[in-house]
Amino acid sequence: MDSPTMWRATTVQACGLWPFAAGSGAPMTGVPLGQHLFTGATVCGDPLSWFTRARYISNPSLFMLGMPGLGKSTLVNRMLIGLSATGVVPLVLGDLKPDYADTVRALGGQVISIGRGVGGINVLDPGAMGAAAVRIGGEAGQALAAEAHGRVLNMVAALVTIVRGRPMDDHELSVLSACLHHLRERTPGDRTLLLPDLLRVLNEGPDRVRAVTLDRGDDTRYRDAVDPLHRSLLGILDGPLGGTFASKTSTRIDPNAPAVCIDISRIGEADTQLTAAAMLAAWSDGLGTVAASHALADAGLAPRRWFFTVLDELWRPLRAASGIVDRIDALTRLNRSLGLGDAKITHTLKDAEALGTDSDRAKARGFVERAGMVVCAGLPRAEMEELGKVVGLSRREIELVSSWSSPPGWASAGVNEEPPGRGRFLIKVGGRPGIPIKVAITDTERMLHDTNTRWTPNEYVGEAEAEHGATPRIGWPDDRGPTERDRTADPAGASGRWAG
């Protein structure tokens, strides 16, 4: 919707229109977020609208920090819903909890599950980029096919890096590229390449591959050059990644879907290698879809679409592998040219300090410095002081946000009492004064976005098991989560009681 026209007048002239004429400086462009904490005025905003329409920011990105349980992902979920209504395509490329799968389903989007025994990604599949290259044809199609080849090469190299714990050697990249070219030239277009095909080529040792190993006709020299790569590929297929990338892609991303969520919540938190690999594969596949969409639009074969990516719980993928840091760092520098807005969510700046190398830590700190919008939920004073050195917070703003990190009071009546900072955020843009807002979610949002599902009490389970002499437990039937009827009847879980 277009922003309403704003008029200015004195309080004497506009006294009969109060409070609608009480200007607060609150922006009115973008997704309605909430009310100004002090004036009650409606505050609207999102990275794409503030970049394309309002011109408030020079980079369509958002970085959000705050303590757990204060509503960070809920606010981003509202932006996701609002942007979807304007035609923007939300992409959640690696939902770790999941927090956004139900919302994407409600928007009519596509949810793809990745994990052991659940679904996999074929990293040799060019996906939407390959299909777009064939459709476009000519020089533009060849250029897109070459870009798809580079994306596949980088993805396989990233998997090898995760398995080894160190980067590939330069000559191994040349061998890998030669193997991929050999497979593309000799495989029918209707057949999908798989990682086992790479092992077959390494075993066969065709002339094109041998040429880059400098074996000079000596089979021993050839084996010495390719055996380390061969072992690493075997590790991808049968090692810690558990064959997740060994077969065809279980579900391809639909380029025409109104929203996409790649759900990797089935992967255990301790399985850091598979988490890192799944995140990298999801980002590679998702951004390939974005590149294909823009290539088709440039060729006049499809309408132009904008995209909004969400990376929640940033600390987990950052610690999983250094390749994730490089991928996100490149995205934050190039998202303007990609037609892509992004939102990154984490807890504190200290998450970046836990990374392994100084270069990774510097890249992670740069995420905040380059963000067009910085949104703060409740944070301790020490953390706010450190953040103030990056985004320029005033003393009053530091005190305000620090007060939101206080725990809830001791409720004498035994009812749930919310923390004082839940739903409160400070929006900072450059050197401008921060905008404090209060977000009140609707019943629909509460139903779609409940991050505490496992802690929701259910009296039915406890009573049913008590009748059979079993030990009462807390949870939903069969541990599958609340049904639609349960959530609709009691979206906040307020009417339930502890079982047993």
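Going by the structure above, here's the rest.
Here, residues in each chain are numbered from 1, in the same order as that chain's written sequence. Confidence filtering applies because this is a predicted model: local features only for residues at pLDDT of at least 70, side-chain atom pairs given and counted only at 80 or more, and all residues used for totals across whole chains, interfaces and linings. As a convention, hydrogens and water are excluded, and side-chain values are obtained from all of the structure's heavy atoms.

(A) How the structure looks around the overall build of the protein. The helix and strand tally for the protein stands at 19 helices and eleven strands. Residue pairs in contact within the protein that sit at least 24 positions apart in sequence constitute 69% of those at least 6 positions apart. Each accessible area is a Shrake-Rupley estimate made with a 1.4 Å probe; only the visible protein chains count as cover when residues are assessed. Total accessible area on the protein stands at roughly 24200 Å², and carbon and sulfur atoms take up 53% of it. Comment: elements are numbered from the N terminus, with helices defined as DSSP H or I runs of at least four residues and strands as E runs of at least two. The contact rule is simple, with two residues in contact once any of their heavy atoms fall within 4.5 Å.

(B) Looking closely at unusual backbone geometry. In this chain, Lys 97 is followed by Pro 98 through a cis amide linkage whose omega measures 0 degrees. Of note in this structure, Arg 55 is not a glycine but carries a positive phi near 60 degrees. The phi dihedral of Leu 214 falls on the positive side, at around 55 degrees, and the residue is not glycine. Following the sequence through the fold, Leu 214 ends up in the loop between helix H8 (207–213) and helix H9 (219–238).

(C) Expanded view of the side chain of Ser 402. Secondary-structure assignment places Ser 402 in helix H16 (residues 395–403). For each residue, the accessible area found with a 1.4 Å probe, counting protein chains only, is set against the maximum for its type, and the residue is called buried under 20%, exposed over 50%, and partly exposed in between. You can call Ser 402 buried: its relative accessible area is 9%. In protein, a polar contact requires one atom able to donate a hydrogen and another able to accept it; more generally it is a pair of N or O atoms within 3.5 Å, and residues adjacent in sequence count only if both atoms are side-chain atoms. Here Ile 398 takes part through its backbone oxygen, which lies 2.6 Å from a polar atom of the side chain of Ser 402.

(D) The arrangement of the pattern of salt bridges in detail. What counts as a salt bridge is simple: a side-chain nitrogen of Lys or Arg found within 4 Å of a carboxyl oxygen of Asp or Glu. As enumerated under the stated definition, the model contains 20 salt bridges in all. The closest approach of N and O atoms between Lys 428 and Glu 397, which form a salt bridge, is 3.3 Å. Of this pair, Lys 428 sits in strand S10 (residues 424–428) while Glu 397 is found in helix H16, placing the two residues 31 residues apart along the sequence. Looking at Lys 428, the relative accessible area reads 3%, which means it is buried.

(E) Main features of the pairing of strand S8 (residues 340–346). In terms of burial, S8 is a largely internal element, seven of the seven residues being buried. Of the two faces of S8, the one carrying Leu 340, Asp 342, Lys 344 and Thr 346 and the one carrying Gly 341, Ala 343 and Ile 345 are both buried. A pair of strands is treated as paired once DSSP finds two or more bridges between them. Where strand S3 (residues 61–65) lies against S8, five bridges are found, and the strand directions are parallel. Following the sheet pairing, Leu 62 is matched in S8 by Ala 343.

(F) Local environment of the nonpolar core. As used here, the term nonpolar core means buried Ala, Val, Leu, Ile, Met, Phe, Trp, Tyr and Cys residues forming a set that is joined through side-chain atoms within 4.5 Å. Core analysis: the largest hydrophobic core is formed by 85 residues, its most contacted members being Val 123, Leu 124, Leu 195, Leu 198, Leu 233, Phe 245 and Leu 387. The element that contributes the greatest number of residues to this core is helix H10 (residues 272–298), accounting for eleven residues. For Leu 195, the contacting residues outside a window of four places in its chain are Val 123, Leu 124, Leu 233, Ile 236, Leu 237 and Phe 245.

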